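Residue-level structure breakdown
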Amino acid sequence: MVTHKRVLVTGGCGYIGSHTLVSLLDPSTASRTNVVYSVVVVDNLVNSSSESLRRVADVVALDGGFATSDDGLSGRDAGGRLEFRKVDCADISALRAVFEEFAPLGGFDAAVHFAGLKAVGESKSMPLRYYEVNLGTTLTLLDLMEEYGCRSIVFSSSATVYGVAKDEKAKLKETDEVGTTITNCYGRTKYMIEQILQDFHASHESSQHEGGGGDDGGKRDAAKDNPWSVVVLRYFNPAGAHPSGKMGEDPSGVPNNLMPFVAQVAVGRRPHVTVFGNDYDTPDGTGVRDYLHVMDLADGHVAALGYADGATTGDNSRSGRGKLSTFNLGTGTGYSVLDMVDAFGRAVGRPIPVVVGPRRPGDVTIYMADPTRAKEEMGWEARKDLDDMCRDLWSWQTNNPNGYRDAA
Ligand code: NAD
Ligand code: WQD
């Protein structure tokens, strides 16, 4: 039987959010999961444009495309499956208006919370803004979800919460220590939000369970008693773009991350890639990361929503209903900076110029996920490889050399 779910997506106009909308709205998702998703995007467009939603509608062939109002404050597709409200999620009255608007239609079944600021360097120079936005949006959202009875949330965390691992060469597991050795303020906001979610989730466990009370000596599964399902996703290094070449990452100013920078060099917007250090303890001396295709990451959110909802459709999937669960989303394979630059050169058909510079302060040597838990519990694993990431990123970059700006 097909069910309909309405999901609130904060920050849905951004890079990962917009690709996740494609996964949620794509007809293949409905046939695979038996769930037809409608989404309501709330975003203040501080780091994005609503053009991304037009592209989403185009890519998934939504009836009549997507149109915004004259003042650009709202938008929708003809079928009402993709709605947009320009809202600052830290503004409780503005966000409440959205909950209020959709309450007569049955409200939201779940929220996916992408909204936030994400530039590591910027977070060091404006820490208060990062705490205000990243924590503020989360607290406001949780308050309203509680008030309006929407008790399922998927949160965008980051591998950065692991900080500097004791054994840098080991794949990171969800059970590894987090928090203590984080090298930047952005990462600490993610860690703090994880803590907030844990405290919030624990506060909803039944008092019978707490302290070992109840007729089973406290051994009963707390999940059965908890109305809240919380899924924390720790992304490793998202890269690539939608295979159509119509959607991708659209950084403003100089890209902070490696792959968008490499793509801008390839298209002639910048002269060379500066490699941040080649004296690390890695095979070629450059930093190693676990890059995953943004569409695999997007699919991870569909898996997480199903998991939180208790769906057990995947080969191995289990139920996360009533639980707080944390998952690494990565491939489990590491590539160096030079591996990535070479792979992109292959996609482009010519080498990318590089210059070796000093290390970037705060960078770790190696980050690689152990993604076993996501596979065992949610039935999710990355399917695309490095060449897919580079091909799709190159296609996006060549079709849209100035990102969404030209279209807007
Ligand atoms: P993004 O900047 O493209 O998307 C974030 C979106 O949130 C943007 O559209 C922005 O306009 C919106 N936003 C910011 N503040 C807001 C506010 N107060 N109210 C409403 N909307 C607001 O970033 P992304 O790469 O898509 O990342 C999405 C989430 O994933 C972020 O929380 C980020 O921290 C997290 N994350 C990203 C990466 C990465 O490498 N891209 C890695 C790990 C985690
Ligand atoms: C990757 C590698 C650099 C740029 C960051 C955040 C993390 C997460 C993902 C949000 C490193 C090297 C980079 C360049 C280079 N974001 N590099 N020249 O630092 O692993 O992770 O983005 O949550 O929290 O910290 O990603 O893409 O910046 O760097 O040599 O111009 O590329 O030193 O080894 P990072 P990145």
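Residues numbered from 1 in each chain as written. Chains lettered and ligands numbered in written order. Predicted model: local features only at pLDDT ≥ 70, side-chain atom pairs only at ≥ 80, totals over all residues. Heavy atoms only, no water.

1. Looking at the overall build of the protein chain
Put simply, the rule is: Strands are runs of DSSP state E lasting at least two residues, helices are runs of H or I lasting at least four, and both sets are numbered from the N terminus onward. Note on method: radius of gyration uses C-alpha positions; expected globular size equals 2.2 Å times residues raised to 0.38. The rule is simple: take the accessible area with a 1.4 Å probe, protein chains only, and divide by the maximum for that residue type; under 20% is buried, over 50% is exposed, in between is partly exposed. Residues count as neighbours in contact if any of their non-hydrogen atoms are within 4.5 Å of one another. Positive charge is attributed to Lys and Arg, negative charge to Asp and Glu, and no charge count is given to His or to the chain ends. For this purpose, a charge sits on NZ of Lys, CZ of Arg, CG of Asp or CD of Glu.
A count of helical and extended segments in the protein chain gives 12 helices and 15 strands. A compact globule built from 408 residues should have a C-alpha radius of gyration of about 22 Å, and the protein chain, at 21 Å, falls within 12% of that. If one aligns the C-alpha atoms of the protein chain with their principal axes, the spans along those axes are about 65 × 50 × 45 Å. Classification of the 408 residues of the protein chain by burial places 54% in the buried group. Across the protein chain, every contact between residues at least 6 apart in sequence was considered, and the portion connecting residues at least 24 apart equals 78%. In the protein chain, 41 side chains carry a positive charge and 54 a negative one; their mean positions are 2 Å apart.

2. Considerations on the site of ligand 1
Applicable threshold: Consider each residue's heavy atoms; a residue with any of them within 4 Å of a molecule or strand counts as near. Any N or O atom pair separated by 3.5 Å or less is treated as a polar contact, with the protein-specific requirement of one donor-capable and one acceptor-capable atom, and with residues adjacent in sequence counted only for side-chain atom pairs. Accessibility throughout is a Shrake-Rupley quantity obtained with a 1.4 Å probe, and a residue counts as covered only by protein chains that appear here. Residue polarity follows a fixed list, in which Ala, Val, Leu, Ile, Met, Phe, Trp, Tyr, Cys and Pro are nonpolar, Asp, Glu, Lys and Arg are charged, and the others, Gly among them, are polar.
Looking at ligand 1, there are 27 residues lining it, with Ile16, Asp43, Asn47, Ser48 and Tyr186 nearest. Between ligand 1 and the protein, one listed contact pairs an oxygen atom with a backbone N or O atom of Ile16 at 2.8 Å. For ligand 1, a nitrogen atom lies 2.9 Å from a polar atom in the backbone of Cys89. Compared with its free state, where it exposes 810 Å², ligand 1 has 95% of that area covered by protein. Secondary structure elements with two or more residues in the shell around ligand 1: helix H1 (15-25), helix H6 (127-148), strand S7 (152-158) and helix H7 (185-202). With 3 residues, S7 is the largest single contributor of residues to the shell around ligand 1. For the shell around ligand 1, the residue count by class is 13 nonpolar, 10 polar and 4 charged.

3. A short note on the sheet that holds strand S3 (residues 66-68)
Let me state the cut-off plainly: Paired strands are those between which DSSP finds at least two bridges. Think of each axis as a best-fit line through the C-alpha atoms, taken over the contacting stretch in the case of a helix, with angles from 0 to 180 degrees between the N-to-C directions.
An order of S3-S4-S5-S2-S1-S6-S7-S8-S13 is seen for the 9 strands of this open sheet, with the pairing classed as mixed. A single partner strand is all that each edge strand has here, and the edge strands are S3 and strand S13 (324-329). For this sheet the average axis-to-axis angle between neighbouring strands, irrespective of direction, equals 20 degrees. As paired elements, strand S1 (residues 3-10) and strand S2 (residues 35-43) share 8 bridges and run parallel to each other. For Thr3, the partnering residue across the bridge sits in S2 and is Val35. Across the face of the sheet, H6 comes into contact with S1, strand S6 (110-113) and S7 while running at roughly 180 degrees to S6.

4. A closer look at the site of ligand 2
Near ligand 2 you find 17 residues, and of these Tyr186, Leu258, Thr274, Arg289 and Asp363 are the closest. The separation between an oxygen atom of ligand 2 and a polar side-chain atom of Asn237 is 3.0 Å. One of the backbone N or O atoms of Phe276 is found 2.8 Å from an oxygen atom in ligand 2. Starting from 680 Å² of accessible surface for ligand 2 in isolation, the protein chains cover 88%. The biggest single contributor to the shell around ligand 2 is strand S10 (residues 273-276), with 3 residues. Counted by class, the shell around ligand 2 contains 7 nonpolar, 7 polar and 3 charged residues.

5. Brief notes about the pattern of salt bridges
Selection rule: Salt bridge criterion: a side-chain nitrogen from Lys or Arg within 4 Å of a carboxyl oxygen from Asp or Glu.
The final tally for this structure, using the stated rule, is 24 salt bridges. The residue Glu132 makes a salt bridge to Arg129 at a minimum N-O spacing of 3.5 Å. Of this pair, Glu132 and Arg129 both sit in helix H6, 3 residues apart, which is roughly one turn of that helix. Using a relative accessible area of 51% as the deciding quantity, one classes Glu132 as exposed. Classification of Arg129 by relative accessible area gives partly exposed; the value is 38%. A salt bridge links Asp279 to Arg359, with the nearest nitrogen and oxygen atoms 3.0 Å apart. Here the residue Asp279 occupies a position in the loop between S10 and strand S11 (288-289), and Arg359 occupies one in the loop between strand S15 (354-357) and helix H11 (372-378), the gap between them amounting to 80 residues. The class of Asp279 is exposed, set by a relative accessible area of 52%. Overall, the relative accessible area of 43% leaves Arg359 in the partly exposed class.

6. Thoughts on the nonpolar core
The condition is simple: Residues grouped as a nonpolar core are buried Ala, Val, Leu, Ile, Met, Phe, Trp, Tyr and Cys residues, joined through side-chain atoms within 4.5 Å.
Counting residues in each nonpolar core, the largest one holds 71 residues, and the members touching the most others are Leu82, Leu233, Met259, Leu329, Phe344, Ile352 and Met378. A total of 10 residues in this core trace back to one element, the largest contributor, which is helix H9 (residues 294-308). Dropping the residues within four chain positions of it, Met259 is found in contact with Ala239, Tyr291, Met340, Phe344, Cys390 and Leu393.

7. Here's the deal with empty space enclosed by the protein
To keep it simple, the criterion reads: Only protein atoms enter the 1 Å grid used here. Points where a 1.4 Å probe fits but cannot escape make up a cavity, open sets with protein on both sides within 12 Å along at least five of seven lines make up a pocket, and a residue lines them when an atom lies within 4 Å of a point. Grid points are joined across faces, edges and corners, and a volume is the space filled by probe spheres set on the points.
Summed over all chains, the structure comprises 1 cavity of 30 Å³ or more. Approximately 90 Å³ is the volume found for the largest cavity. Along the walls of the largest cavity sit 14 residues, with Glu249, Pro251, Gln264, Trp396 and Gln397 positioned nearest its centre. Looking at the lining of the largest cavity, the elements that each hand over two or more residues are helix H8 (258-266) and helix H12 (386-399). No other element matches the 3 residues that H12 contributes to the lining of the largest cavity.

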